[in-house]
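# Structural overview
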Amino acid sequence: MKLLVAAALAAQAVAFSTGPSLSARSASFVGSSSSAINMIPQQKKQEEASFFPFETSTMTKSPLRSANIVPPSQSDTALAAKGPNEEAADGSADVRQLLGVKGASETTDIWKIRLQLTKPVTWVPLVWGVMCGAAASGNYHWMWNPFDETDRNVMLGLEDAAKGFVAMILAGPFLTGYTQTINDWYDREIDAINEPYRPIPSGKISEGEVIFQIWFLLLGGLGIAYGLDVWAGHEFPTVLALSIFGSFISYIYSAPPLKLKQNGWAGNFALGASYISLPWWCGQAVFGELDKPVYWVLPILYSIAGLGIAIVNDFKSIEGDRELGLQSLPVAFGIDGAKYICAGSVTVTQLGVAAYLYSIGEPTYAAILLALILPQIYFQATLLLPDPVANDVKYQASSQPFLVFGILATALCVGHHDFTA
């Protein structure tokens, strides 16, 4: 059953691998329609409170002013949104709005706008990571395991299913939602160039409402994390500690003065770790222990592969990044240099993991992983390397499913291997 559920999640990942899933522009957590006010100055000026550390807009010294994109005569809250959003013509515009991806329909429903800010399409990799961590623990119980007659305790299986579901809610809607909202908040200037139809630069949601959402998701997520620690009987609150660490990384990824996303290497690795390592560790901590170095090293290696995936999503933002002085890897090394860094980080790290699995006496899992790496190399040669800008979405949709199944295969191997032998 676990494998069937995992396969269903992978199918979702395939359907939604359109770039934002590991986008470096995206960053491993009440109101009515009338409140979706326009942030471009009106006759009546609204006072917005500042909720440290998420200060309200101060555009006086922003890159947009320096580039003369926002004229000096405009209010400090003006974000110079340019041009309308082009809705998808295939009938998926409403779904795209709820998922937080391009081609979305327009709406004034504040709840749909709040959901759009959390970019639900980006929850899928985190949910997948939690499941991989549960598999790696070797201690997830089925309600009725057809392959093991000793693992058919329905009540224990129901409890583990409930724990896994809560861990997914923590990793997805709450902490990924927090990450995406805070990223959009600090990206409101560059989004005015690259994606002016996003909720904040377009003025569909007020600054105060965004700040409230950030705090609600952050504090709610930390509360759920502590509840999972209590449920799992942890003496040390491991899940809470991982959640605090991940939330801090999300903050410094998006917020000044560090703003890791301005540095291609640090930003992309932080992104990869947040989407792969942290949810893996969370899932494993809920069902088992993180008491061996391999439990830390393997997710970190896959985070390096995640760095490569993040680079793919930087190609489409190169114009805005260059204009605002952001040192993404395509800006720093050029498109030709960055595409080889991308391909190398994705492929070499996975080959290293396959070699490790073989070295510990797991040749079957090593062969499975190698079989999943070969299609990725093919798609790199036919899509990524010839034209990473034009083929970024197609490459992600074609190659990424093999990567995520490789992560699952590795996690299952770790969960079944006897490290005491």
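Anyway, here's the lowdown on the structure attached to this text. Note that the structure is predicted; figures quoted are calculated from it, not measured.

### Points about empty space enclosed by the protein
One number sums up the size of the largest cavity: a volume of about 120 Å³. Contributing to the lining of the largest cavity are 12 residues, with P125, Y275, I276, V404 and I407 lying nearest its centre. Tallied by class, the residues present in the lining of the largest cavity amount to 10 nonpolar, two polar and no charged.

### Focus: a nonpolar patch on the surface
Judged by side-chain polarity, M143, W144, V154, M155 and L158 come together as a nonpolar surface patch covering roughly 520 Å² of accessible area. Inspection of the secondary structure assignment puts W144 in the loop between α5 (123-137) and α6 (154-186).

### Structural notes on helix α4 (residues 110-117)
For α4, the set of buried residues is I110, I113, R114, Q116 and L117. The buried residues of α4 occupy an angular sector of 160 degrees when the element is viewed end-on, so they sit on one face. Here the buried face of α4 lies against α3 (93-99), α6 and α8 (207-232). The N-capping residue of α4, defined by a side-chain oxygen 2.9 Å from the backbone nitrogen of W111, is D109. Following α4 by one or two positions, K119 has its phi on the positive side, about 45 degrees.

### Some points on the packing of aromatic side chains
The full count for this structure, using the stated rule, is 10 aromatic pairs. Measuring from centroid to centroid gives 5.2 Å for Y140 and F287, while their planes differ by 75 degrees, and the two rings are edge-to-face. Taken together, the residues span a long stretch of sequence, with Y140 in the loop between α5 and α6 and F287 in helix α10 (residues 264-287) at a distance of 147 residues. The same class applies to Y140 as to F287, namely buried.

### Structural notes on the nonpolar core
V239, W280, Y302 and I407 are the most contacted members of the largest nonpolar core, which totals 77 residues. Counting residues per element, this core draws most heavily on α10, which supplies 11 residues. When neighbours within four sequence positions are excluded, V239 is seen to be in contact with L170, A225, L228, D229, H234, C282, A285 and V286. L307, I341, A343 and Y395 belong to the second-largest nonpolar core, a separate cluster that totals 13 residues.

### Regarding the packing of α10 against helix α11 (residues 293-314)
Two elements in contact, α10 and α11, have axes whose closest approach is 7 Å; the angle formed by their N-to-C orientations is 135 degrees. Regarding the angle of α10 to α11, the classification is oblique. The element α10 and its partner α11 pack so that their crossing is right-handed. In contact with W265, N268, F269, L271, G272, A273, I276, S277, W280, W281 and Q284 of α10, α11 contributes Y295, W296, P299, I300, Y302, S303, I304, G306, L307, A310, I311 and D314. Partitioning the contact of α10 with α11 into residue classes produces 16 nonpolar, six polar and one charged.

About the cut-offs
- Residues numbered from 1 in each chain as written.
- Predicted model: local features only at pLDDT ≥ 70, side-chain atom pairs only at ≥ 80, totals over all residues.
- Heavy atoms only, no water.
- 1 Å grid on protein atoms, 1.4 Å probe; cavity = no way out; pocket = protein on both sides within 12 Å on 5 of 7 lines; lining within 4 Å.
- Points joined across faces, edges and corners; volume = space filled by probe spheres on them.
- Nonpolar A, V, L, I, M, F, W, Y, C, P; charged D, E, K, R; others polar.
- Patch = residues over 30% accessible without salt bridge, like charges linked within 9 Å, V, L, I, M, F, W, Y side chains within 5 Å.
- Areas by Shrake-Rupley, 256 points an atom, 1.4 Å probe, with all protein chains shown as cover.
- Salt bridge = Lys/Arg side-chain N within 4 Å of Asp/Glu carboxyl O.
- Helix = DSSP H or I, 4+ residues; strand = E, 2+ residues; numbered from the N terminus.
- Buried < 20%, exposed > 50% of the residue type's maximum accessible area, 1.4 Å probe, protein only.
- Arc of directions from axis to C-beta.
- Contact = heavy atoms within 4.5 Å.
- Polar contact = N/O pair within 3.5 Å; in protein donor to acceptor, adjacent residues only side chain to side chain.
- Phe/Tyr/Trp six-rings, centres within 6.5 Å; stacked < 30°, edge-to-face > 60°.
- Core = buried A, V, L, I, M, F, W, Y, C linked by side-chain atoms within 4.5 Å.
- Axes fitted to C-alpha atoms, helices over the stretch in contact; angles between N-to-C directions.
- Parallel < 35°, antiparallel > 145°, perpendicular 65-115°, else oblique.
- Left-handed = near helix turned anticlockwise from the far one by under 90°.

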